[in-house]
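So you can see what is in the structure, the chains are spelled out below.
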Amino acid sequence: MKNKLHVSLSILLLSSFLLTSCTKEDFKGAEYRLPKALYITTGMNYGNGTIAEGILLAIKAFNRHGIPTRLENREIILNESSLSHFDIIIMMTASEYHDADRKHSLVHMTDVEMEILNRWVENGGTLVAGDNLGRFRMNGSDRSEYTHGNLGPVEWRLAKAFGVTLSERNLSGFSIEGILGKGEKEILLTSSENRWSMVPDTSGVKNMQVIADWKKNDTTYPAITNHGYGKGRAILLATSYLLHPSNNGGYSGAADIEQFFDFVAETKMSESKSDIKLSPWPMGKSYAMTITFDAEGDIQNYQQIKNFTLTEGVKAVYFVNPNLDSNVQNAIRLDKPLIASNGFDQINMNDKGFHSSQMNLLMNAQYWNCRFYGYRFPLGIAGFPGLLGLYKEKYLYDISISLDQISEIKGSAVPYNIPITNSGFEAIPHPTSFYCSSDIIEISPILKDDYTFFARLINTDTYPSEEMEKDSRLYQSHLMNTLHQVIKPAAGVVNYFGHLAATGHNDVTLRPLSVLLNTAKRDSAWITPPDSIALWRSRLLKTEFFTSVNSNSIKINVKTDNSTQLSSVALSVDKSFKKFKSNGIDVKFIQREKEYFAVFDAANGTEIVLSRD
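Before going into details, it helps to say that this report is about the structure given with it. (Residues numbered from 1 in each chain as written. Predicted model: local features only at pLDDT ≥ 70, side-chain atom pairs only at ≥ 80, totals over all residues. Heavy atoms only, no water.)

This part covers the side chain of Asn226. Along the chain, Asn226 falls in strand 12 (residues 219-229). Its relative accessible area of 3% is what places Asn226 among the buried residues. At a separation of 2.8 Å, a polar atom in the side chain of Asn226 contacts the side chain of Arg233. Ignoring sequence-local partners within four residues, the contact set of Asn226 consists of Asn207, Met208, Gln209, Ile211, Arg233, Ala234, Ile235 and Phe263. (Helix = DSSP H or I, 4+ residues; strand = E, 2+ residues; numbered from the N terminus. Buried < 20%, exposed > 50% of the residue type's maximum accessible area, 1.4 Å probe, protein only. Polar contact = N/O pair within 3.5 Å; in protein donor to acceptor, adjacent residues only side chain to side chain. Contact = heavy atoms within 4.5 Å.)

Written out as structure tokens, the structure is:
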């Protein structure tokens, strides 16, 4: 027994030595962390979990580059430990980003917060901010009030990170000309009459790139600047509305804004010498799909969907409440499929206070004798009291904010964590105002659902077969357009949300889902229930991947809390890597379309060395 133990220990020590000696002797360069992005916002003032359109576009762009994004409110600035886990911070100062009340306005900042941001940039972070960031003190006074409209490093501490001093100028008749992100040089904004703005002075500053200028005849001022400060950089925009779509009060098109965030992502990732990118989904899957149903319908509808999912080998989630057909309820209790909550009473929960909303959650859980993890608000209308209840009861996800980014920018192609607030655009917030950034993941369903296209099933007694066939083709086309135009380019989630009474009516009404599902299978998408998606996104944000390189190898270290594990995490790597060493972790090399991935299970302390020979 002693000899066996001795041999086992020897093998363990030898393997540990081989890995440790390789990492100590060969990897002497700087360690690089795969980036994460932080968007500082409290969400929209409606309190329903929606966020500004510019944020939705940022999340899409960053997700394409394998950069997880978290939404937080400004309290995180004062927590330098939490701030240090992020590599990109976006801070917009426009009303659509919930910037009006002083408690959370980014126009109003303390000297302490600005110095923390300076240190964060100096240590390697990339800060992107709009005009007037920190211009006002928390008491409402203008920092430039006693300096003749100027902001320097004494009054405005962020002058160090941005590398500029600011002066207020009348820009009537000026235009901004330059590049937003990766686009061509063009006129980005034509100023209105009597426009006064803070203009940066970049004269004599090193490590400064002027991306765009204010121009009028022969007069030129910097408008968008990119300053290298310490190990990081700070990008200052002439106005936050350059990152807000023109269809909702901003100055840029959606494609231009996404290109800007592509530029930010690629600039940050170019700091690495490894060219490694994190895949948003397990096994390097290009996007995810989930199937969800309102369980409204009869037992024949339920059996139609049940048989379909069994045949296809997929799991659907049924959103339930006590008002369902009794036969459907009995079948669900007997079959025990995956279920989520649709509330006890089918009411607009915005009309109720927190107590009533909380009771609605708890009574439905009691009725179904179930610990729910997913929710869809009754009538699909989310609100602050209900979101606060979900937050208190530790729900994983909600699917109430519908996605439409074909006709307008609404809902998210990529899941995001929901910020919660009960405050609006007050200049001074109410003493009971509440803000928090929850871990509830919003997984947006496609806006136009089966009831939209098969409305005659609900509204009339007759539905000619040729009309049903036509509507089915229209629905199928809508689903496929959303998949190809919105979901796949964002590497996001297609959430099919239907109703048993419509999708489960017959084979014709079921066909759009069948075609969508078969397309996802051919694309090798990750087809999974929404709770798996929510857990994956939450764990991805908690996990950090560090890389370092030598001439022939890449070392990867994983850091997270001890309770977090990611199965089949995929890192995009060069095809030349064929071998690996690890501390007991198996690595698979797979190819999907044009990308080559190293796939492994990640936990705190996981260490892998990929080599070419």
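Structurally, Ser611 is set in strand 30 (residues 607-611). Here the side chain of Ser611 touches Asp613 through a polar contact of 3.1 Å, landing on its backbone oxygen. The residues touching Ser611, leaving out its near neighbours within four places in the chain, are Asn552, Ser553, Ser576, Phe577, Lys578 and Lys579.

Before going further, it helps to examine the sheet that holds strand 30. On the basis of which strands lie adjacent, the open sheet formed by 5 strands has the order 1-24-25-30-27 and antiparallel pairing. Because the sheet does not close on itself, it has two edges, and the strands there are strand 1 (32-33) and strand 27 (579-582). Sheet topology note: the strand 27/strand 30 ladder contains 4 bridges and is antiparallel. Looking across to strand 30, one finds that Phe580 is bridged to Leu610. (Pairing = 2+ DSSP bridges.)

If you check helix 6 (residues 254-269), its first and last C-alpha atoms are 22 Å apart, about what 16 residues at 1.5 Å a residue would give, namely 22 Å. All of the buried residues in helix 6 are Ile257, Glu258, Phe260, Phe261, Asp262, Phe263, Val264, Ala265, Lys268 and Met269. (Expected span 1.5 Å × (residues − 1).)

On to unusual backbone geometry. In this structure, Leu379 is a non-glycine residue whose phi angle is positive, near 70°. Its location among the elements puts Leu379 in the loop between strand 18 (374-375) and helix 10 (384-392). Relative accessible area serves as the criterion here: at 58%, Leu379 is assigned to the exposed category. Residue Lys394 is not a glycine yet carries a positive backbone phi of 60°.

On to the packing of helix 9 (residues 354-368) against helix 10. Packed helix pairs are specified by the crossing angle of their axes together with the interaxial distance, meaning the distance between the axes. Close contact between helix 9 and helix 10 brings their axes to 8 Å; oriented N to C, the two are set at 55°. Here helix 9 is positioned oblique relative to helix 10, judged by the angle of their axes. Like other packed secondary-structure pairs, helix 9 and helix 10 cross with a definite hand, here right-handed. Touching Phe354, Ser357, Gln358 and Leu361 of helix 9 are Pro385, Gly386, Leu388, Gly389, Leu390 and Lys392, all from helix 10. Looking at side-chain class alone, the contact of helix 9 with helix 10 contains 5 nonpolar, 4 polar and 1 charged residues. (Axes fitted to C-alpha atoms, helices over the stretch in contact; angles between N-to-C directions. Parallel < 35°, antiparallel > 145°, perpendicular 65-115°, else oblique. Left-handed = near helix turned anticlockwise from the far one by under 90°. Nonpolar A, V, L, I, M, F, W, Y, C, P; charged D, E, K, R; others polar.)

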